Structures are given as C-alpha cells and as structure tokens.
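Chain residues, written in single-letter form:
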Amino acid sequence: MAKQYGFWIEIDRCVECYACEVACKAEHNVDLGIKWRRVTNVWSGSFPNVTFKTISLSCMHCEKPACEAVCPTGAIKKQPGTGIVTVDQTKCIGCHYCFFACPFGVPQYGKDGTMQKCNMCAERLAKGQEPKCVSTCPGNALHFGTMEELSKLAQEKVAKKLAASTNPSVIISK
Amino acid sequence: MSEETGLINRKFSRRTFLKATGALGAAVALTGAKDTLLQQSVAKAAVAAPAEEKLIPTFCAMCGPSAGCGILAKVVNGKFVGIEPMPECPLNNGKNCPKAHAAPQWVYSPERLKYPMKRVGKKGEGKFQRITWDEAIKLIADKLLELKAKYGPESLGTVSPARRSYSEYIYRFLMTHGSPNYGHSGICAVQRMFVLSYTVGGVPSADWANADLILLWGKQPIYSGSAKGGVASFLAAKERGAKVIAIKPTMESDVAKSDMWVPLRPGTDAALGLAMINVIINEKLYDAKFVEEWCYGFDQLKQHIQQYPPEWAEPITGVPAEQIKTVARMYATTPKAAIDVSNGPEHARAANDAIRCIGILMAITGHLDKKGCNVWGAGSTMPSPRGVHLFERYTQEWVDKLLGYELPPQFQPFIEGTSCSLYRLWNSVLGGEKYPVRAIIAPGSQSVASTRGTKRILEALEKLEFFVIVDVTRTSDMPWADVVVPVCTMYETDHPFEVSGNWIMARNKVIEPLGDYKSDYEFWLDLGTACGYGADWWNGDIKAHMDWRLEPLGMTYEELRTKYPRGRTYEPKPPEYEQYAKRFAAKSTRIDKGPYLPQGKVALYNTLFEAAGFTPMPVWRELPEGPTATPELLEKYPLLLSDYHTSRTYNAAWLRHVPYLREIEPYPYLQIHPDTAKSLGIKDGDWVKVESPHGWIKMKAQYYPGIRPDVVFALHGWWQGCQELGFEDFPLGDGGANTNNMYTTDPQKMYDPIITAMTSQTLVRVTKL
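In this text, all values refer to a predicted model and were calculated from it rather than measured experimentally.

Calculation rules
- Residues numbered from 1 in each chain as written.
- Chains lettered and ligands numbered in written order.
- Predicted model: local features only at pLDDT ≥ 70, side-chain atom pairs only at ≥ 80, totals over all residues.
- Heavy atoms only, no water.
- Phe/Tyr/Trp six-rings, centres within 6.5 Å; stacked < 30°, edge-to-face > 60°.
- Buried < 20%, exposed > 50% of the residue type's maximum accessible area, 1.4 Å probe, protein only.
- Helix = DSSP H or I, 4+ residues; strand = E, 2+ residues; numbered from the N terminus.
- Contact = heavy atoms within 4.5 Å.
- Buried area = accessible area lost by both parts, 1.4 Å probe.
- Salt bridge = Lys/Arg side-chain N within 4 Å of Asp/Glu carboxyl O.
- Pairing = 2+ DSSP bridges.
- Core = buried A, V, L, I, M, F, W, Y, C linked by side-chain atoms within 4.5 Å.

A. Quick peek at the packing of aromatic side chains. Residues and elements named next belong to chain A. A complete count under the given rule lists 48 aromatic pairs over all chains for this structure. Arranged with centres 4.5 Å apart and planes meeting at 45°, the rings of W43 and F52 form a pair that is tilted. For W43, a relative accessible area of 25% translates into the label partly exposed. The class of F52 is buried, set by a relative accessible area of 3%.

B. Structural detail: unusual backbone geometry. All names here are of chain B. Put simply, Q412 and P413 share a cis peptide bond, and its omega is -10°. Turning to its location among the elements, P413 is positioned in the loop between helix 18 (396–400) and strand 15 (420–421). Residue P496 is reached from H495 by a cis peptide bond, and omega for that bond is -5°. Tracing the backbone shows P496 in the loop between strand 18 (483–486) and strand 19 (498–500). Even without glycine at this site, W538 takes up a positive phi of about 50°. Position of W538 among the secondary structure elements: in the loop between helix 22 (520–530) and helix 23 (542–550). Phi is positive for T756, close to 45°, though the residue is something other than glycine. Following the sequence through the fold, T756 ends up in the loop between strand 27 (711–715) and strand 28 (761–768).

C. Geometry of the interface of chain B and chain A. Facing 58 residues of chain B, the contacting portion of chain A comprises 67 residues. Overall, the association of chain B and chain A removes approximately 5300 Å² of surface from exposure, summing both partners, and the carbon and sulfur fraction of that is 61%. Our enumeration of links across chain B and chain A arrives at five salt bridges. Salt-bridge contacts for B:E239 lead to A:R13; the nearest nitrogen and oxygen are separated by 2.4 Å.

D. Focus on the pairing of strand 28 of chain B. Residue and element names in this part refer to chain B. In this structure, strand 23 (residues 639–644) lies alongside strand 28, joined through four bridges in antiparallel fashion. Residue pairing for strand 28: L640 is matched across the bridge by L763. Bridge count for strand 25 (residues 687–692) against strand 28 is four bridges, and the pairing is antiparallel. Bridge pairing in strand 28 links V690 to V766.

E. Just the nonpolar core, in detail. Residues and elements named next belong to chain B. In this structure, F194, Y491 and L527 are the most contacted members of the largest nonpolar core, which totals 217 residues. Excluding residues that lie within four positions of it along the chain, L527 makes contacts with I137, I140, A141, L144, F173 and I441. Grouped together as the second largest cluster of nonpolar side chains are 38 residues, F128, I187, L464 and W480 included.

F. Fine view of helix 1 (residues 19–28) of chain A. Of all ten residues that make up helix 1 of chain A, eight are buried, and the element is covered over most of its length. Every buried residue of helix 1 of chain A is listed here: A:A19, A:C20, A:E21, A:V22, A:A23, A:C24, A:K25 and A:H28.

G. The environment of B:G431, seen in detail. Residue and element names in this part refer to chain B. Residue placement: G431 occurs in the loop between helix 19 (422–429) and strand 16 (439–443). Under the relative-accessibility criterion, G431 is labelled exposed at 57%. It is 30 Å that separates the C-alpha atoms of G431 and R164, two residues lying 267 residues apart in sequence.

H. Looking closely at the pattern of salt bridges. Using the criterion set out here, one finds 50 salt bridges over all chains in the structure. A salt bridge links B:D494 to B:R561, with the shortest nitrogen-to-oxygen separation between them at 3.7 Å. With a gap of 67 residues between them, B:D494 in the loop between strand 18 and strand 19 and B:R561 in helix 24 (residues 557–563) connect regions that are remote in the sequence. For B:R561, a relative accessible area of 14% corresponds to the buried category. Close ionic contact of B:R507 with B:E498 constitutes a salt bridge, the shortest N to O distance being 2.6 Å. Of the residues examined, B:E498 reaches a relative accessible area of 4% and is grouped as buried. Each member of the salt-bridge network shares a partner with another, and the members are A:E27, A:R124, A:K132 and B:E84.

Structural data, given as structure tokens:
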C-alpha cells in the first residue's frame, strides 16, 4: 500500500512561539501576507477560569483532496507514493476553485496570482531532512512521518499518559 | 537525548522516505511546479556558475550578541539565506525561535546603517554626512578628551540596554577613561540578582528537572527565548507530572498550560509575597529546624508580618485571600518545590520587597539548595576565559564619583560593576542629579523607546552636548546623534567566542560586512587606542585580544576554531546540595569584599539594608497610581495599565522593521477584556486612545479573554515602522504607541528605593478613536 506522509501536532506541547510559521516562510521565501503554516489560539471559559490551546496547521494533505477534485487544469496533484498534495504553478490559472473547495482555507494566492501552499518541504525530504517547521519546533510539538507511524506514536502517548505511575484499572477503547 | 524522550525526537529516515517515493529521482517527481521552476532556475544557474551552498556553524544574533543559540548559517552564492539546526549547542539543541529564522531579513534590511556619519543639521533633525570609520573614531576620541580636560572624565556616561557580551568592553572603556557612569536600564535581572544575593547569598535557580511544584513568578519561559531551554524544561516538568502555579497578570501560553493561575494586579507582587509569608508563619508551615540553624531575624519577621494577612492583600492584589492561602500552603508543604522568578516583579515601587519576600519564602520553607527546590547549580570544569572588565581597579573614590545610583553606594560595585540607573544619567543632563554628564555613548541602546520618562529623555537629548550612537540599524534616538557609528551584525564577524554551560565555540563569519564598519568589540578597541589608552586595549589588535582571553583554556582563538569547529565540551561538575555554610558565606563584590550575609545566615532581617537607611524587612509600597493607591483617580482613569517587557518576535524596542516578524504582531495592541471593551463601546480591532495622568498613546484594541477586567496590557518599545509592509514610524511621545510615555517621572514614585527598579503601572482611560 502506498504510504501517506503527514504531520502530528501535540497540542499540549505547542507553546504559541511562531517558530514554525517563520521557519516555513524563510525556507520557502513566502510572499508577505501569505502563510503556509498558521498558529491559532482557541479560547474557552471566562476570567478567571479561562484557558486556551494553540494549534499549528498547514495543508492537511488529505487522502481525498477536495482541491484536486475541483482543479480545472490538473495543477493540483496528490503524489503517488508519498500522498503529498502539490500544485504546479505553471498550470494554475488562479481560478480560486480550490480555495472554495478546501474545508480548511488552505489555498492562498501570491503576487503572481497562482495558488501556493505547504508542500511538506518535499525538497528537504528528498535530502533526508525533516520539514523545516518540524525540525525547528522548540516544544517538539510537531512531528513528521507516515500516518501509520504517527498514529502509532499518538496512541502510545495516550497509553503512556493513562498508565502514569498509578496504573489505573480502566480500559478505554473506541 | 532521543532515547530519553523516546518518540519525541525520533529521526526522520531518508531511506524510508525515498523508498516510499519509489525512486531516488523522486524529489523531482513529487514536487510541484514551484520546485520545478526552482530546478529550472538552478539548472540555468548551473550552466553559468554552479550554486555554491555552504553551512557555517555559528550563533544566532537576533537577541543581541551574548549566549546566542547555535545555528548553521546557510550561505548560497555568498548570500546569507537561512539557518539549519546545529544540535551541538547545548543552549538550544538544534531548535530555533521565529527571530532566528528571520535573521536574513534583519541583515539585509533597508534600515541597516551602512557607513559612519556625523550630524550636519540641528539636533533632532536627523541630517547627517558620510564619514569614514577612522574619521568617526577620531572625532569621538577628540571630543571625549576635550570634555575630559574641561569637566573631568566623569562627564562621559554610557547607556546600556542589557547584559551583552560587549558590556564588559564598555566597562573597560569607562575605567580607562576614568568615568564610573555606566547607565544600566534598571528594569531587568540585576534587580533580582542584587536582592537575592543580599537575602539568600546568591541567585539559586529553580530545579525544573526535579521539582514537584514550581511557582512561575513573573517569568515568561516562552517569550524570553523559546529555543533556549525554557520551553523544553517547562514541558518536560509537566509531562513528569510536576504542578505549575503561574503568578502573573495575564494569561499566555505558559499560564494556559499551568495547573493554577494567580492573576494578580501588576506591581503588587510584594503584597502577595508578604501575605504568603504571613500564612506560612501563622499556620506554622515553615521549616523550624532550617529557620533555627540558617535564618537570621525570624522573631522580628514573625512580628512584622502580622500586619499583612491575606485578607489585607486581597483588595490590593485582586487575588482572593483563599487563593493566597492555597498557594502558600501548597508551596510550604510540597517538599520538592521551587520558585522561578524573573522580570515581572522588578517593575514596581516595591520590587526589592517582592524579591526579598521570594527569597524569604524559599528560606523559611526549607526550599533552598535541595534537589527539586532552588539550587546553586553544579558549575563547570571549564577554566573561565579572561574577563575584559577591570574589576581589580575599583576604589571607594571611584564609587563616590557616580552621579546617581542604580544600587545604593554602600553596595557598589555589584557583579556587573558600578552603575547608575539609565534614567538618572539622562536626568543629570537636565540638572536633576549630583552633576551632569556632557557626553553619552549609546551602544545598542535606544533610551527614548526603552526607558520610562520619554518626555524627560527627549528634553535631555536636545540639551546633551555630545551624543554617539553605535548600532546595527536606525534607532529611535538617532536624529539627536552627533556621530553615528554603524557596527556589523554578528553574522559579519568571526569573534568573539560564546560559552554555554560547559561548552565553548568560536564564532564564524557568515558573510563579509556589507558596509564600512567593524564589530562592537573592535569599536571599543579602536576608540580606547585612539584615546591614548592603547596599553589597556591591545593597541587595537582584536586577534591578540581574543588569544589573551582564551589563555586560561590553553589555546589560541584559531585553535578553538579549527580544532573544535562545533565547540569544545568540558565535564560538568556533579551537583552539590545543602552546602549552607559555603553558600551563606559568599563574598560580595563590594569594595570591602565583605560577605553578602554578615551573619552567615539568610537575612530575614537585613542589617546591611538597615544600616544603609532602608527597611530591614520587606514592606508594601503602593503603585504610583492604582485602584488602592489612588482611588480618587478611578472615576477619570478606571483601568490599570502595565506593559510586557519582551515578546515572542521582538526584543524590547527592536526588530519591528523585520517583515516576517512584524507580520505576526503588526500593530501595537492593547489587550483588554472583552466585557470591559464592550462596556466602553470598543470593538475588537478598534484604534483607541489610551490616556494616563502623564501622557497618551494610540493602540489597537485586542479582545483578550485572558486578562483581568480591571487591567489593560500592551507591549513596550513601539516606535519603528516596517518599510516592506508599508508601516510608518510612530511618534515617540504623546500620540505614539510608546508605553514609557505613560508613567510617572516623580522621583519619589518612579523607583523602588533600593534597586531603582522603574515602575510600569499607571491608571488609564481608554476611548474609541
């Protein structure tokens, strides 16, 4: 089965430092006003019982990309073997169909009018380097790998947390 | 490291990835057109000249030169384009913050100073003429020597922003010139180090690795260098199951991740500390044995503290008495508990009292020098490189010459040398101190945007006889400069070395200097030599100087660079605990070298402070203006304003011009609780007028759920525009966005009496513009 590469973000490790956002922009020389990765806070409660969580998101590299499905020129492609969703800017006509189709508001349009977004640092991956956002994350909140590996890691983390030192006598499953 | 943290630091495998893509040529196949275009352009370039890419191990310089995070600077065809991780540096372990990644925009910014200049217009007009580096050095040397002959050497002062690796060079220059007037900001670090040294004999740090409970008191581990280990140790402690109680007025990410939030009003840390001591003593939660053996003045403290019960502190701090009791009990009864105190409590009239309370809390609960508590640390087996400071030349006469003090004269010099508060230096120009300075050198310092009393400093700038700015980019004070000396960024020089714990590495030059300038360090060597003090300044030879500094390590600077390209690591010393006799006998830095603690015990009752005319025990001193300080002002000014010292993306008043950083925080925001804002008819994002009894500024309202409804907060240091994003400069005084313009300049109210920490609290009225 073909592999799907992706990201895993541990929300309880994300400290809203913005290192991923700027590292991404610097790596890809992204135009001002455009962000391939975005850090967002989600607040809940009210003072003094208030809190927030921070999440850092880029393109979701979906299994069934809505953007690819509506792209009239075939500029957007889900790459076989890696699952990375890429955009060929020489084919993009800037019609914004992908913008309306994407449920996450990922597609953005630069100075040249064509769509741009996270490419999972494919050129770094080919050199054996992690995506820039992942490698710089001071909280080690961002991880990269195959979805198989990442979901295993995420499960291990939950299991580890549950086990704790008290070893609770409770099984939690789907 | 990867073993310890298990799944967290799992390495990505190139082989696995390439296998997944099906071929080694996969890179071409899987990337999009942006990459195809890139490859085409690279291919074109390859025909003409192959792209030369280099990775140079060095240090990030975005927080100023000192204790920089390690980086690999990426240079393509001679241009600095980005950074890659350098895991060998123990300070940041290959991680970097947003500032580090924006470095190329800072280096190639249109705001860079390109060549030395002298003023040709009127002061404040900002008209300059290009001169050479040598002309600038000569011009400054001649003028300083002229003023020295006319008014004495103490007519020169320097203003210093913070501890930098070039701070020692400023001290050395002042010593060789003959002036003690080093102006220190009076708002950071030295304040708490001084008070803790004279209370518990040192500056014991919170043992994050082993504590079960940490009181995060006025500290921001994320904003103050997120890659420097603060974030990692915070998250590791939380994952171990340690509890964190955050004591600070607003909720940021660290508070959101803490177990309890104590949202006190800004500037009221001393009231909280006094009430916590009250609870611990009256509920007999203190460590009686430790108090008996190692604390001086417990009976006096017990009596003194009776006036400060939690119910007294509640209306001042805004923290419910019950919560104060809970925090005090938790801290006192958890064996492995630590307090991590930082800059927050330092900006208040009762700053020394707040920090004394914190030292006393650590002591009476027996939380000093034990694993998991506040510890002195292990030290290093690395021989110390030679210091540049001429500490051995200090005399009482020298201390007496200071024009105004940062720390009381009886206690000078402190660890950084003799100092007067930066504001007092400017105030002297207007006749407000013992005598005036006639010349000021500002190396990496912009007083108008960074220090309280904006209007007074602007007035002093007009009157100052000779003003020199030494900097990388344009500063807020530059229009008033007589000579502007540009210096290189730390990416354009190969010195000095940096030390982090047990590790030392030589700095490497990333690119050649972009203009007619040298480094900060070379500036002082050149100026010292030009003034005739060459014997003390290696006659301007930077290479000989760096070799001299490294002599104790038994190697030259070139040997450090070539033999240890990614740094040299020395063995750490094993930690030692409960070394009380040694800790409490620590010798001070005063002229008499007497101990910090004359009784050899923790100073609950401080006889040295008492002899110097200060209160022997911590007391409460109200804010200049505040809800309980000046209730009569509340009708006109109902909200309490304070400001953040630093941010994730800027350093104090710097870096607003760097586009990738400015995008994250484009406007000067006023954080305001949504309920408060709505009651004033203010919408999220509205521009508002913020007025205090001392000045007014314009800010953009930001609905912020994590703030007390009676408090508003802003980031300090706003003045600079960003050309690439079309943002213009803000005015420096009224009508701008500089919070320093908002606070009192009444000498009786603007300082803490001992450590001259400057207050950053006032009452304000906020209206929609």
